[in-house]
Amino acid sequence: MADYARIKQELDGIAVEDNPALVKQKSRDFYWYSPILKEELDNVVGDLVVSPTTEEEVIRTLKVAYAHGVPVTPRGGGTGNYGQAMPLSGGIILNLINMNKVKEILPGRVICEPGIIISELDRQTKEHSGQELRFHPSTKQTASVAGFIAGGSGGVGSITWGGLRDLGNILRLRVVTMEAEPRVLELSAWDLQKVSHAYGTNGIITEVEMPLAPAYDWVDVIVGYDEFMDAVKFADALSHKNGILLKEVAPIAAPIPFDYFTRHKPWLKEGQAVVVLMVAPHSMEPFLALAERMKGDVRFRSDTVESMKGIPHAYELTWNHTTLRALKLDTNITYLQVQYPGPDHVEKVRIMTELFPDEVIGHLEFIKFDGQIQCAGLPLVRYTTKERLEEIIRIHEENGCPIFNPHRYTLEEGGMKQTDQVQLDFKKETDPKGLLNPGKMIAWENPDFDFSAGKNYLFPGLEVFA
Ligand code: FAD
């Protein structure tokens, strides 16, 4: 057991919290989204929350943690939904939310600290020069920019700009290493893949440089269709219209909209599927012309409602907010993350929709993937058993629709089910004792793990919380 009284002394001058209730609160994220992770991680708790306000304080904290052999799990807003920010071996929770300054706003880019909340970052860049981040997670109001980079993948705006892993969608990161004498590294271009979506397992991000796009007063629109597949075809056709500027395109099957989008209910029709959209104001006319031609039933427009008071942003109906709204009203719901590789993505969606009537309820996000329009899915699943969930996953994969399993806390199982050599090599260089966010990178914890054996990885360190 580490000597936390001593560690606290050595961190004198840096904000440290060991009140058990507060430490427990900061040891949690949205892991409870998954009934499986809820069971596995419910008892996980750290020992100390350290909240640095400068890079120098981050360096001091890592130096002390290294000397004592104490694990460090970075944390931003704590909105990750796979237990990414949960300290599976206890230790220090490095709360970066107070490092929240914008350092410089330039044409097309912004330089800021890691913990700034994304909506605040967008507010400042918009006010400064009419710019905003190219895309953001639907948790924009609560998530930090570095948490998005380390834990997220894409989101609202990905229909135009793609995802975080696309070259150019992050410009530069400063990263502090976990060594006896922590180093500060500057990463750009291909090197960004070392830490982007690495769950903070191989460095602490202390500065971020992100590209910006022109900001618009995006119009929230909801278009209804009696059949889900008609909604999907409209979303696909619209997403292919190069001239119409969009920020969000999400077809969602019945009964999700009417049952779970409670604040929008007055505008929705029971039994209808919808497409939730964000459209640039100057694209509204051509957008409406296409909707009319494709017999869409435009049910809601934020630019024509009397007041938006009490009505959530359209993006808070999409991505994992769709799941959140369902979970609030029905705890038997869970979800999956599905890829429908193109160019026949619409046909793949049709096949999978017909295979699981009423059990898997469609929710798609249209995105630009390597320059091509495709769709990813976050369908809701009426949860019965772990075994049935595994079966649904298997059937998707047998039909050419890979699943990024949101019921696993490791990078590999939630991703491509293979070692990311670039991230592993970087970890060897930056975290030789394996103290950063332990348990999340299988390639580090158990290099011989066989992903093809069909078994789930269980981090041995979790036993202390059993
Ligand atoms: P946290 O949850 O605090 O951390 C995420 C990961 O990053 C953790 O592994 C943590 O250790 C690491 N980390 C945090 N800060 C640092 C740092 N400075 N240096 C190194 N590592 C760090 N994700 C999407 O990609 N797109 C979406 O649209 C989306 N929608 C969501 C909707 C809901 C309702 C929920 C619950 C989740 C959603 N997510 C989405 C997941 C998550 O909200 C986002 O990825 C979010 O950006 C995470 O930011 P955060 O500050 O909350 O990070």
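Residues numbered from 1 in each chain as written. Predicted model: local features only at pLDDT ≥ 70, side-chain atom pairs only at ≥ 80, totals over all residues. Heavy atoms only, no water.

Draft legend 1. Expanded view of the sheet that holds strand E13 (residues 273–279). Sheet architecture is open: 4 strands sit in the order E12-E13-E11-E14, paired in antiparallel fashion. Both outer strands of the open sheet, strand E12 (246–252) and strand E14 (297–301), are each paired with one neighbouring strand and no more. Shown here is a sheet whose adjacent strand axes are inclined to one another by a mean of 20 degrees, direction ignored. Relative to E14, strand E11 (residues 219–225) runs antiparallel, the two sharing 4 bridges. Looking at the pairing, Val-221 lines up with Arg-301 of E14. On top of the sheet, helix H8 (residues 228–239) reaches E11, E12 and E13; it is set at about 160 degrees to E12, its chief contact. (Pairing = 2+ DSSP bridges. Helix = DSSP H or I, 4+ residues; strand = E, 2+ residues; numbered from the N terminus. Axes fitted to C-alpha atoms, helices over the stretch in contact; angles between N-to-C directions. Contact = heavy atoms within 4.5 Å.)

Draft legend 2. Expanded view of helix H12 (residues 345–355). Here H12 has its buried residues at His-345, Val-346, Lys-348, Val-349 and Met-352. One side of H12 holds all its buried residues, which, seen down the axis, span an arc of 155 degrees. Next to the buried residues of H12 lie H8, strand E16 (338–340), strand E18 (364–369), strand E19 (372–377) and helix H13 (386–398). (Buried < 20%, exposed > 50% of the residue type's maximum accessible area, 1.4 Å probe, protein only. Arc of directions from axis to C-beta.)

Draft legend 3. Fine view of the site of the ligand. Near the ligand, the surroundings consist of 37 residues, among which Pro-74, Gly-76, Thr-79, Ser-144 and Gly-154 are the closest. In this structure, Gln-84 approaches the ligand through a main-chain N or O atom, which is 3.1 Å from an oxygen atom. Ser-153 places a polar main-chain atom, nitrogen or oxygen, 2.8 Å from an oxygen atom of the ligand. For the ligand, whose accessible area on its own is 970 Å², the fraction buried by protein is 97%. (Near = heavy atom within 4 Å. Polar contact = N/O pair within 3.5 Å; in protein donor to acceptor, adjacent residues only side chain to side chain. Areas by Shrake-Rupley, 256 points an atom, 1.4 Å probe, with all protein chains shown as cover.)

Draft legend 4. Geometry of the environment of Gln-337. Here Gln-337 is to be found in the loop between strand E15 (333–335) and E16. Accessibility expressed as a relative area gives 11% for Gln-337, which makes it buried. Separated by 42 residues in sequence, Gln-337 and Pro-379 place their C-alpha atoms 7.0 Å apart. Leave out the neighbours within four places in its chain, and Gln-337 touches Tyr-82, Asn-320, Gly-377, Leu-378, Pro-402, Ile-403, Phe-404 and Pro-406. A distance of 2.7 Å separates a polar atom in the side chain of Gln-337 from a polar atom in the side chain of Tyr-82.

Draft legend 5. Fine view of the sheet that holds E15. Strand order in the open sheet formed by 3 strands is E15-E20-E17, with antiparallel pairing between adjacent strands. Pairing within the sheet leaves two strands with one partner each, and these edge strands are E15 and strand E17 (360–361). Bridge count for E15 against strand E20 (residues 380–382) is 3 bridges, and the pairing is antiparallel. The residue of E20 that forms the bridge with Ile-333 is Arg-382. Packed on one face of the sheet, helix H11 (residues 319–329) meets E15 and E20 and runs near 165 degrees to E15.

Draft legend 6. How the structure looks around the nonpolar core. Ranked by internal contacts, the top residues of the largest apolar core, which has 95 residues, are Leu-41, Phe-234, Leu-277, Phe-287 and Phe-366. Core analysis: the second largest hydrophobic core is formed by 27 residues, Ala-150, Leu-185, Leu-187 and Leu-212 among them. (Core = buried A, V, L, I, M, F, W, Y, C linked by side-chain atoms within 4.5 Å.)

Draft legend 7. Representation of the side chain of Asp-29 in the model. Following the sequence through the fold, Asp-29 ends up in the loop between helix H2 (20–25) and helix H3 (35–41). No salt bridge is formed by the buried Asp-29. Its closest oppositely charged neighbour is Arg-75, at 6.1 Å. Polar contacts involving the side chain of Asp-29 include one to the main-chain amide nitrogen of Gly-83, which spans 3.4 Å. Of note is the side chain of Asp-29, whose polar atom sits 3.2 Å from the backbone nitrogen of Ala-85. Every residue in contact with Asp-29, bar those within four places of it in the chain, is listed here: Gly-78, Gly-80, Gly-83, Gln-84, Ala-85 and Met-86. (Lys, Arg positive; Asp, Glu negative; His and termini not counted. Salt bridge = Lys/Arg side-chain N within 4 Å of Asp/Glu carboxyl O.)

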